[in-house]
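Chain and residue survey
Listed here are the chains, written in short residue letters.
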Amino acid sequence: MRVESLDLENMDICLDKAIKVVGEYIKDISSDPVIPNIKRENLYDLVSQEIPFEGIGVEEVIDDVKENIIPYCSKIGNPKFLSWIITSPSPAGTIGEILNVGLNQVPFCYKSGPAATVIEETVVSWFANMFGYTDKSGGILVSGGTMGTLTGLSVAREVHIPGAMKKGLQNIKKPLVVYVSNISHKSVETAASVLGIGSDFVRKIPVDSNFRMDVEKLKEQIEEDRELGYDPFCVVAQAGTSNEGAVDDIDRIADLCNEQRIWLHIDAAFAGGAILTERGKTLMKGIEKADSISTDPHKWFFIPVEAGCVLIKNREHLYNTYRTSDKAFNADEPIEYMNYGMQFTRMSRAFKIWFAFRAYGLNKLSKVIDTNMDLAQKFTRIINESDKWQLLCPTQTSAVCFRYVPNLNYSDEELNKLQNSILNELELSGKAFLAPAVINGKTAMRACLSNHRTSYEDLEFVFKTLNEIGERISKA
Ligand SMILES: *Cc1c(COP(=O)(O)O)cnc(C)c1O
């Protein structure tokens, strides 16, 4: 009987071809346009296909990718891609991921990926070390910050209500309440929803003039909730809010949480990478006091998507939440990742991080992140020194939020519209890409300088281009 196999006779040729495509894409990443200007219906014509019952062969599909897919990719690694916080992946991270996909390890247990399991332990311990956690801590690689915060809060819930993973919240007497600042990321509400707490039970605490959670108001709200019969169980502090890049006063919040016996989770999805710098360490002072931390290697650590890392100060709590048997926690027993998170079949997300960190060294990454923060400060200065431009929040990490104010006769509503029009034009020009953000109800242009390729010249160019567009539109 002839066995139908999927092996390829021209495997070497195909691999060389595919790798070359990736190499050329990365080499070409600095060219225009940053965002392709193509209508969705045209892409349906080009890309979508009938169900392919008969194959055409790998080389033909690669040719099609070159012709019909690559021109319609957003150049995330372009030095003038300054939107959101999707960072430019490091080439070593990409190479690591290519190898990783080839090896296809599944580290849910040791046997399904011995090296991958130990690599994950290693990478988790590196992150634990960066944030000042001890050997007692543990963690797992997840898809991103959303899953990291969901995991952290699930552990917080299990610690607060032992047995919640089994019994759910069917028997609790008092509704659980979570606290975040009113500019926190939506993923906290998602976690509360998924965990049966409900997003209505996420209290949004106002921020101060530096966009940091007002700790006095947090304390008052906790006390008020207790009096009203709620059960305050978790605070999520931000180490880098998505829009402003603001870092909460973690040290003070940690002391308050400790005093109040409330779990403290840190959302360090955005600015976690800054822990590699002296400035970042100062901003995140006290972070080692938190009960759990989630950070995104796929953001400011320049790892290709997807890679999130959640750390739990006391590994036992993570085990008790996700263990797949009744076996009690034993610190001496080797880690099997199926007992430490939600997934069974899972990719090795640690491999590309292990690879890139070893290839570059953390000292080098630290310098890149420091440069990003310098650029953010320089750009802030440019904005502050130009009379038609206005900064909308202090620059704490790498996000700069600003707007164009051609003259004082504009209403806020008109200004909001103007910012969006300028950004649209910029995007259509293909020269750069910035996303808008809303700061205190005002529309801002937001430049996120967490891109390892962006230079000061790039920034000057972006500013000059924005100026030209702004002048042209406001005169029209
Ligand atoms: C990006 C981000 C998240 C969500 O992380 P994902 O990796 O996108 O799931 C959460 N919080 C903050 C502050 C973020 O910037």
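The rules behind the values
- Residues numbered from 1 in each chain as written.
- Predicted model: local features only at pLDDT ≥ 70, side-chain atom pairs only at ≥ 80, totals over all residues.
- Heavy atoms only, no water.
- UniProt positions renumbered as here; feature names shortened; annotations may be inferred.
- Near = heavy atom within 4 Å.
- Areas by Shrake-Rupley, 256 points an atom, 1.4 Å probe, with all protein chains shown as cover.
- Nonpolar A, V, L, I, M, F, W, Y, C, P; charged D, E, K, R; others polar.
- Disulfide = S-S within 2.5 Å.
- Buried < 20%, exposed > 50% of the residue type's maximum accessible area, 1.4 Å probe, protein only.
- Helix = DSSP H or I, 4+ residues; strand = E, 2+ residues; numbered from the N terminus.
- Lys, Arg positive; Asp, Glu negative; His and termini not counted.
- Salt bridge = Lys/Arg side-chain N within 4 Å of Asp/Glu carboxyl O.
- Polar contact = N/O pair within 3.5 Å; in protein donor to acceptor, adjacent residues only side chain to side chain.
- Contact = heavy atoms within 4.5 Å.
- Pairing = 2+ DSSP bridges.
- Axes fitted to C-alpha atoms, helices over the stretch in contact; angles between N-to-C directions.

Under an unreviewed UniProt entry, the name given to the chain is Aminotransferase class I/II-fold pyridoxal phosphate-dependent enzyme, and the organism recorded is Clostridium ganghwense. Per UniProt, the comment on the chain under Sequence similarities (unreviewed entry) is "Belongs to the group II decarboxylase family." The UniProt entry for the chain carries this comment under Cofactor (unreviewed entry): "pyridoxal 5'-phosphate".

All right, on to the site of the ligand then. Inspection of the region around the ligand gives 15 residues, with Gly 145, Thr 146, Asp 267, Asp 296 and Lys 299 positioned closest. Within the complex, the protein chains bury 85% of what would otherwise be the 380 Å² of accessible surface of the ligand. Here the residues of the shell around the ligand are counted per class, giving three nonpolar, nine polar and three charged.

Before going further, it helps to examine the state of the cysteines. A full pass over the atoms with the stated rule returns zero disulfides. Not part of a disulfide, Cys 234 finds its nearest cysteine sulfur in Cys 257, a span of 7.8 Å. The thiol of Cys 393 is not disulfide-bonded; the next cysteine sulfur, from Cys 401, is found 4.0 Å away. On the basis of relative accessibility, which here comes to 4%, the residue Cys 393 falls in the buried class.

This paragraph deals with the side chain of Glu 244. Mapped onto the elements, Glu 244 comes out in the loop between β4 (231–238) and α10 (250–260). Of the side chains bearing the opposite charge, Arg 446 lies closest to the buried Glu 244, which forms no salt bridge; the N-O distance is 7.2 Å. At 2.7 Å, the side chain of Glu 244 forms a polar contact with the side chain of Thr 241. The contact partners of Glu 244, leaving out residues within four places of it in the chain, are Ile 183, Phe 211, Cys 393, Pro 394, Ala 399, Cys 401 and Ile 439.

Below, the discussion takes up the sheet that holds strand β7 (residues 308–312). Strands pair in a sheet through their backbones, by hydrogen bonds, and they do so in one of two ways: parallel or antiparallel. Spatial strand order, β1-β7-β6-β5-β4-β2-β3: seven strands in an open sheet with mixed pairing. At either end of the open sheet lies a strand with only one pairing partner, and these are β1 (138–142) and β3 (202–205). Put simply, the sheet's adjacent strands are angled 20 degrees from each other on average, direction ignored. Strands β2 (176–181), β3, β4 and β5 (263–268) of the sheet are contacted by helix α8 (residues 187–194), whose axis makes an angle of about 160 degrees with β3.

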